[in-house]
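So the chains spell out like this:
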Amino acid sequence: MSTDPQFATRQIRSGYASATFQNPAVVPIYQSAAYEFESFAAARDIFALRRRGNLYSRTGNPTQTVLEERVAALDGGVAALATASGQSAVLVALLALAKNGEHLVAARQLYGGTVDLLTDTFADFGIEVTLVDQDDLEAWRAAVRPTTRAFFAESIGNPTASVLRVQEVADIAHEAGVPLVVDNTVATPVLQRPKEFGADIVVYSATKFLGGHGSSLGGVIVDLGTFDFGAEPARWPQFTQPFARVGDVVLWERFGQAGSAYLVYAKVKLVHDLGPSLSPFNSFQLIQGIETLDLRVARQSASALTVAAFLDSRPEVSVVRHPGLPGDPGHEAASRYLPRGAGSVFSFDLAGGEEVVENFVDSLGLFSLVANIGDARSLVIHPATTTHSHLDDDQLRLAGFSRATIRLSIGLEDVDDLVADLARSLDLVGALDPADDAARDHDPAREPALVTD
């Protein structure tokens, strides 16, 4: 194998040596709750963090370890930590940085469940969160407080497909002395490696594109090894002061950046105490999905652009939010941050408004009405009554969409079949009146985009 293997090789080979145990060619499922220690001294040293080893499956499993090493390799990280879901990955990633009385700054353009976590549950923990328009760089800067401990955003927003200007936001975070945490679920490492643009920590809902088949929940946190928690030790006592539960070890001295003191703390304290453990079987399923990740994402992204261009040409559609379209506000940012494709999750509004949404969705044949994304199957959802149902009209507007918005996640079906399915449903809801059609913005920049390989 090459000393510097390429992406497709890493997604198949990283983190597993077939010479281990019974020489299986495929990563096995280590279905065990606990592990037999070879000696008294081995058990003592593993618990004291003086030696690596399997301790108990609440904090890790050999199958999970392969998943972690594989995702870390794809992102160029120093280590990764897998959890039971994408939501728990966000929770653990941020709780390892901020505690009661501290503060986070996050983009307003986030998945609804993440908004719930940050604005509701984190408030219960005594952690304040300021939501800002991710495109307003001065808003990020103005939101910083002495107690701020992290910036958080999605590389591609869900459901609006907004594109984060990662480097600019990372620079502001670093000016404030805090890491940038990026949810890279929609882009995946195929379309973007946030480390290349200054991000410090990446999180994934592995349930989505990494797994790719809608069968298993999972989340992953990747430490990119770029943030120096030792530069301001007083700000990060969880890493730079003795960690009493493991014999007064100072994690930053023992593990540092290269050994990810950050994820050691996240595993030994947060995953150990809160228990968001990933099962060996789900780890196995996610590893299987990752083996075809680049093939799936490339096809889904290309198909999504074709579908978006089609929708943008129809009078029944008032707006399409896809950064691959020349008229989209995120198009310029996508050309820099997503040169390999803008993903396959995007949204559009029906010109007939909220009143025609239900008939449109129910009339679709190939698109499944599912609250998920990143599946091999194409999916549809109405965010305002499902994933973002807690938001009022003003909050929806601030998040960048409306009650007429429909989200699509494009799968692996033949794109012509998907277009035909959408066309039938658009025909059903009816064309706009000529006056309405004339009123629609037909700027040349909004003409359907050409699909390129």
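Residues numbered from 1 in each chain as written. Predicted model: local features only at pLDDT ≥ 70, side-chain atom pairs only at ≥ 80, totals over all residues. Heavy atoms only, no water.

A short note on the overall build of the chain
Part 1 of the argument: Each helix and strand in the chain was counted, giving 18 helices and twelve strands.
Part 2 of the argument: A globule of 453 residues ought to have a C-alpha radius of gyration of about 22 Å, and the chain, at 23 Å, matches this closely.
Part 3 of the argument: Split into buried and exposed, the 453 residues of the chain put 55% on the buried side.
Part 4 of the argument: Of all intrachain contacts in the chain linking residues separated by at least 6 positions in sequence, the fraction that spans at least 24 positions is 74%.
Part 5 of the argument: Of the roughly 18,700 Å² of accessible surface on the chain, 52% is carried by carbon and sulfur atoms.
Part 6 of the argument: Computing the positive centroid from 35 side-chain charges and the negative centroid from 57, the chain places the two 9 Å apart. (Helix = DSSP H or I, 4+ residues; strand = E, 2+ residues; numbered from the N terminus. Rg over C-alpha atoms; globule rule 2.2 N^0.38 Å. Buried < 20%, exposed > 50% of the residue type's maximum accessible area, 1.4 Å probe, protein only. Contact = heavy atoms within 4.5 Å. Areas by Shrake-Rupley, 256 points an atom, 1.4 Å probe, with all protein chains shown as cover. Lys, Arg positive; Asp, Glu negative; His and termini not counted. Charge placed at Lys NZ, Arg CZ, Asp CG, Glu CD.)

Description of the packing of helix H3 (residues 62–75) against helix H12 (residues 280–290)
Part 1 of the argument: Closest axis-to-axis distance for the H3/H12 pair is 8 Å, and the angle between their directions is 35 degrees. As H3 runs across H12, the sense of the crossing is left-handed. Taking contact as the criterion, the partners of Thr63, Gln64, Val66, Leu67, Arg70, Val71 and Leu74 in H3 are, on H12, Pro280, Ser283, Phe284, Leu286, Ile287 and Ile290.
Part 2 of the argument: Residues of the contact of H3 with H12, tallied by class, amount to nine nonpolar, three polar and one charged. (Axes fitted to C-alpha atoms, helices over the stretch in contact; angles between N-to-C directions. Left-handed = near helix turned anticlockwise from the far one by under 90°. Nonpolar A, V, L, I, M, F, W, Y, C, P; charged D, E, K, R; others polar.)

A few points about the layout of surface pockets
Part 1 of the argument: Considered as a void within the structure, the largest pocket measures approximately 1,200 Å³ in volume.
Part 2 of the argument: Of all the elements in the fold, those that place two or more residues in the lining of the largest pocket are helix H2 (40–47), H3, strand E1 (79–83) and helix H11 (261–274).
Part 3 of the argument: A per-element tally of the lining of the largest pocket places H3 first, with six residues.
Part 4 of the argument: Its residues assigned to classes, the lining of the largest pocket shows 22 nonpolar, twelve polar and seven charged. (1 Å grid on protein atoms, 1.4 Å probe; cavity = no way out; pocket = protein on both sides within 12 Å on 5 of 7 lines; lining within 4 Å. Points joined across faces, edges and corners; volume = space filled by probe spheres on them.)

Thoughts on unusual backbone geometry
Excluding glycine, residues mostly have negative phi values, and the peptide bonds linking residues are mostly trans.
Part 1 of the argument: With an omega of 20 degrees, the peptide bond between Asn158 and Pro159 qualifies as cis.
Part 2 of the argument: As for its position among the elements, Pro159 is in the loop between strand E4 (148–154) and helix H7 (166–175).
Part 3 of the argument: Despite not being glycine, Asp248 shows a phi value in the positive range, around 60 degrees.
Part 4 of the argument: Secondary-structure assignment places Asp248 in the loop between helix H9 (237–240) and helix H10 (251–254).
Part 5 of the argument: Even without being glycine, Ser260 reaches a positive phi, approximately 55 degrees.
Part 6 of the argument: Examined against the element boundaries, Ser260 turns out to sit in the loop between H10 and H11.
Part 7 of the argument: Here Ser260 falls in the buried class, since its relative accessible area comes to 1%.

Things to note about helix H4 (residues 86–95)
Part 1 of the argument: In terms of residue burial, H4 counts as a mostly covered element, since nine of its ten residues are buried.
Part 2 of the argument: When H4 is considered as a whole, its buried residues turn out to be Gly86, Ser88, Ala89, Val90, Leu91, Val92, Ala93, Leu94 and Leu95.

Regarding empty space enclosed by the protein
Part 1 of the argument: In this structure the tally under the stated criterion is one cavity of 30 Å³ or more.
Part 2 of the argument: Space inside the largest cavity adds up to approximately 30 Å³.
Part 3 of the argument: Looking at the largest cavity, the residues that line it are Asp223, Gly225, Phe227, Phe229, Trp252, Gly256, Gln257, Ser260 and Ala261.
Part 4 of the argument: Here the lining of the largest cavity is built from residues that sort into four nonpolar, four polar and one charged.

Describing the pairing of strand E2 (residues 103–107)
Remember that side chains alternate between the two faces of the sheet whenever the strand is regular.
Part 1 of the argument: Taken across its five residues, E2 has five buried, putting it largely inside the fold.
Part 2 of the argument: In this structure, E2 lies alongside strand E3 (residues 128–132), joined through five bridges in parallel fashion. Within E3, the position partnered with Val105 by the bridge is Thr130.
Part 3 of the argument: Considered for its hand, the β-α-β crossover made up of E2, helix H5 (residues 112–124) and E3 is right-handed. (Pairing = 2+ DSSP bridges. Right-handed = clockwise from strand over helix to strand, strands pointing away.)

Some words on the nonpolar core
Part 1 of the argument: Trp140, Ile221, Tyr262, Val307, Leu311, Phe346 and Leu408 are the most contacted members of the largest nonpolar core, which totals 132 residues.
Part 2 of the argument: Setting aside its immediate chain neighbours within four residues, Ile221 contacts Ala79, Ala80, Leu81, Ala89, Val92, Ala93, Ile201, Val202, Val203, Tyr262 and Leu263.
Part 3 of the argument: Core analysis: the next-biggest nonpolar cluster, separate from the first, contains five residues, Leu391, Leu396, Ala399 and Phe401 among them. (Core = buried A, V, L, I, M, F, W, Y, C linked by side-chain atoms within 4.5 Å.)

Thoughts on the pattern of salt bridges
Part 1 of the argument: In this structure the tally under the stated criterion is 17 salt bridges.
Part 2 of the argument: Measuring nitrogen to oxygen at the nearest pair gives 3.5 Å for the salt bridge that ties Arg44 to Asp45.
Part 3 of the argument: Taking relative accessible area as the criterion, Arg44 reaches 43% and is therefore assigned partly exposed.
Part 4 of the argument: A residue is classified by how much of its surface remains accessible, and Asp45, at 19% relative accessible area, is buried.
Part 5 of the argument: With a closest N to O distance of 2.7 Å, Glu138 and Arg141 form a salt bridge. Note that Glu138 and Arg141 are positioned in helix H6 (residues 137–143) at a spacing of three residues, about one turn of the helix.
Part 6 of the argument: Here the salt bridges do not stand alone but share partners, grouping Arg44, Asp45 and Arg50 into one network. (Salt bridge = Lys/Arg side-chain N within 4 Å of Asp/Glu carboxyl O.)

Notes on the sheet that holds E2
Part 1 of the argument: Spatially, seven strands are ordered E1-E7-E6-E5-E4-E2-E3 in an open sheet, and the strand pairing comes out mixed. The open sheet has two free edges, formed respectively by E1 and E3, since each of these has just one partner strand. Across the sheet, the mean angle from the axis of one strand to that of its neighbour is 20 degrees, orientation sign disregarded.
Part 2 of the argument: Both E4 and strand E5 (residues 180–183) contribute to a ladder of four bridges, which runs parallel. Within the sheet, the bridge partner assigned to Ala153 lies in E5 and is Val182.
Part 3 of the argument: H3 contacts E1, strand E6 (201–205) and strand E7 (219–223) of the sheet and is inclined by roughly 130 degrees relative to E1.

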